Amino acid sequence: MKKNIYSLAMLAIIFWALLATPLRAQVTIGDLKNPESFSILELISGGNRGLRLPQLTTAQRDALDFTGHEAEAQGLQIFNTTTKCVETWNGADWILACECGEALCPIGNNVIYIGTKGVVTAELLTGTATTVSGDAATIGSSPVSEMTYLWQKSTDSGVSWTNAGVNAQNLGSTGNLSAAIQYRRIVTDALGRKDTSNIVSITIICTTIANNTIICPSGTAYIPSGTGITIYGSVATGGTITYLWQQSSDNSIWTAASGTNNTEYYITPNLTVKTYYRRIASVAGGCTESISTSVEIDILDAMVKTTYNANSVNFDMISVAGGTKNLSFTSNNFASTAAITLSNFALGQTEVTQGLWKAVMTYSGPAKTDKYPGINLVAVNASADGYFGTKPSSTNGAGANYPAYYVSWEDAVLFCNRLSLLTGKDLVYSAGASLDEPSEWATRTTVGYYSTVVGNLSANGFRLPTEAEWEYAARGGQKDADEGAGIYSGATDGGVGCVAWYDGNNYGTGSTYGTKRVAYKMQNELGLFDMSGNVFEFCFDNWITSEAPSSATNPVNYTPSNSDHVARGGSFLYPYNVCGVSARGHGEKYSRTTSSGFRVALSL
């Protein structure tokens with residue numbers, strides 16, 4: 001008992017001495033080592049008597065994040081606010097976290113972003129893509145090559161995550177997206193510890209679909225019964241587009257069109273009744289859709305088409321029912337006449353081709369013997385394919401199915417009479433005593449002899465159409481219920497490219513320039529091709545601008561002494577407005593150009 005009292009007395013003396021003397025002492029907790037500033041246990045004397053642990057307040061302690069350290073600590077863990085280090089007793093040694101040994105250092109720098117660094121949210125148009133990248137994850141301040149990366153994605157705002165299929169530092173391209181999506185990155189170190197990155201979010205915004213337009217046909221197209229047609233549409237924009245073609249019998253109730261139709265264009269089946277078509281363009285994911293205007297595919301009435309043969313070359317003539325039609329449109333020769341009445345006639349389904357021209361003009365042999373026995377035709381300038389002037393070339397379009405050009409009005413007259421001789425038709429044209437006989441026309445191989453040409457339009461032979469016949473047919477004759485309201489032959493305003501070759505779709509050199517093969521564009525209501533564009537077509541009439549025809553029935557303006565003749569339909573060299581059915585052109589009877597041609601007619 002005395003010993004214990006003695007011991008307590010001694011401790012009290014020592015403790016009093018410590019308190020009586022100004023003293024600060026440092027004690028390391030947990031090991032025998034020199035005191036260090038981060039492990040202070042202070043015994044304070046003087047005016048502040050007592051014991052305190054001064055390093056952290058409770059709030060500072062609670063705010064510390066020792067993620068990754070807890071499992072390692074088996075004793076006291078102390079934080080030094082001066083050095084910003086954490087000391088942890090692991091059962092054998094004190095480990096300083098500021099020294100960043102792999103066992104303690106957390107995975108750092110696991111940050112991802114969209115496109116430009118720092119961007120963590122983005123808005124994309126439907127059907128477009130972006131990139132998602134990430135920083136190189138680290139342990140301490142240095143990247144570690146043993147890190148593995150796993151990208152995940154979520155389409156339900158982070159409720160569930162699935163593998164994005166990429167195991168690399170960067171996700172790279174997202175691919176075209178159609179719905180909102182989130183991405184994150186899981187990083188694993190060599191010890192198996194994992195760290196989850198921040199989340200980046202991509203939202204999808206709808207955009208207006210543009211350019212969902214049916215190009216050809218524009219408005220209405222005409223096809224023979226039992227045939228099909230290709231409907232061309234422009235490339236719609238606004239994302240990844242899918243197309244659905246629909247059809248209707250009344251332009252009101254629509255059903256999906258048959259066959260493959262997720263394309264910009266659509267090939268119809270063979271049709272026997274009027275059918276309407278339209279195209280629905282949709283952005284992937286159903287974000288937006290656009291419905292085009294509809295087009296009407298009309299079935300031509302049964303065409304009376306007669307096929308003729310000249311020197312082994314076939315060509316077709318379309319019968320045109322006569323009738324009365326309003327041709328009084330601005331800028332044409334019928335402006336002061338309310339209506340024109342025409343008799344039945346036939347018109348070449350196409351412009352006279354180079355193949356037919358050569359067959360007729362280079363032919364040397366007997367005429368149709370049952371009509372013209374004993375008459376033999378002489379070849380016209382056979383070395384130049386029957387052309388008096390420059391013959392067609394690849395520069396401006398050459399081929400058997402291309403229209404004949406470098407043809408004058410006089411040349412066309414000679415061609416018509418030679419064609420009548422070969423097919424057994426009456427001659428329409430005469431030119432005074434020297435050219436009244438068929439034999440004279442059969443042997444004529446020069447030009448400059450037509451000063452007194454007279455046309456017997458009631459004869460059944462081949463001839464040039466009158467201007468009234470040409471325009472009547474170009475407007476669709478009696479088969480056009482809109483009284484010729486179409487601006488171009490077979491098309492309305494804006495559809496000129498569907499029916500005509502003109503300077504707007506004919507440019508450059510070689511195959512992109514010049515005339516084009518006949519019957520490539522769409523036909524009009526009568527089944528006639530190229531009434532607008534390709535080459536100008538000579539008519540029989542003289543060029544007169546100041547007076548209307550003297551008669552409203554089968555009108556024709558012609559005086560043999562007038563050398564200027566009407567040309568209609570425009571050509572590949574001229575603007576779209578010159579291809580209109582009411583536009584008029586003209587040329588001298590001896591003029592030959594790269595854009596002058598013709599088609600033949602018959603009186604019925």
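Remember, predicted model here, so these are calculated numbers, not experimental data.

Colleague: Give a description of helix H6 (residues 467–474) that names residues and reports values.
Modeller: Because each turn of an α-helix spans 3.6 residues, side chains separated by three or four positions in sequence point in the same direction. Counted residue by residue, H6 has eight buried out of eight residues, so it is predominantly covered. Those residues of H6 that fall on the buried side of the exposure criterion are Glu-467, Ala-468, Glu-469, Trp-470, Glu-471, Tyr-472, Ala-473 and Ala-474. Of the residues trailing H6, Gly-476 is marked for its positive phi of about 95°.

Colleague: Could you give an account of the packing of aromatic side chains, naming the residues involved and the relevant values?
Modeller: Scanning the model with the defined rule gives 17 aromatic pairs in all. Considering the side-chain rings of Tyr-308 and Phe-315, the 5.7 Å spacing of their centres and the 20° angle between planes classify their relative orientation as stacked. Centre to centre, the rings of Phe-345 and Tyr-472 are 6.3 Å apart; their planes meet at 55°, and the pair counts as tilted. One end of the pair, Phe-345, is in strand S31 (residues 345–348); the other, Tyr-472, is in helix H6, and 127 residues separate them in sequence. Per residue, the accessibility class of Phe-345 equals that of Tyr-472, and both read buried.

Colleague: With reference to specific residues and values, describe the state of the cysteines.
Modeller: Here the structure, examined in full by the defined rule, presents one disulfide. Put simply, Cys-216 and Cys-498 are joined by a disulfide, and their sulfur atoms are 2.1 Å apart. Between Cys-216 and Cys-498 the disulfide shows an S-S torsion of about -100°. By sign, it is left-handed. Of this pair, Cys-216 sits in strand S18 (residues 214–216) while Cys-498 sits in helix H7 (residues 496–499), placing them 282 residues apart in sequence. Across the pair, Cys-498 and Cys-216 agree in class, each one buried.

Colleague: Could you give an account of unusual backbone geometry, naming the residues involved and the relevant values?
Modeller: The step from Cys-216 to Pro-217 runs through a cis peptide bond, and the omega angle for that step is 0°. By secondary structure assignment, the location of Pro-217 is in the loop between S18 and strand S19 (220–223). Backbone geometry places Asn-381, a non-glycine residue, at a positive phi of 45°. Tracing the backbone shows Asn-381 in the loop between strand S33 (376–377) and helix H4 (409–423). In this structure, Tyr-406 takes a positive phi of about 55° despite not being glycine. Following the sequence through the fold, Tyr-406 ends up in the loop between S33 and H4.

What counts and how
Residues numbered from 1 in each chain as written. Predicted model: local features only at pLDDT ≥ 70, side-chain atom pairs only at ≥ 80, totals over all residues. Heavy atoms only, no water. Buried < 20%, exposed > 50% of the residue type's maximum accessible area, 1.4 Å probe, protein only. Helix = DSSP H or I, 4+ residues; strand = E, 2+ residues; numbered from the N terminus. Phe/Tyr/Trp six-rings, centres within 6.5 Å; stacked < 30°, edge-to-face > 60°. Disulfide = S-S within 2.5 Å.

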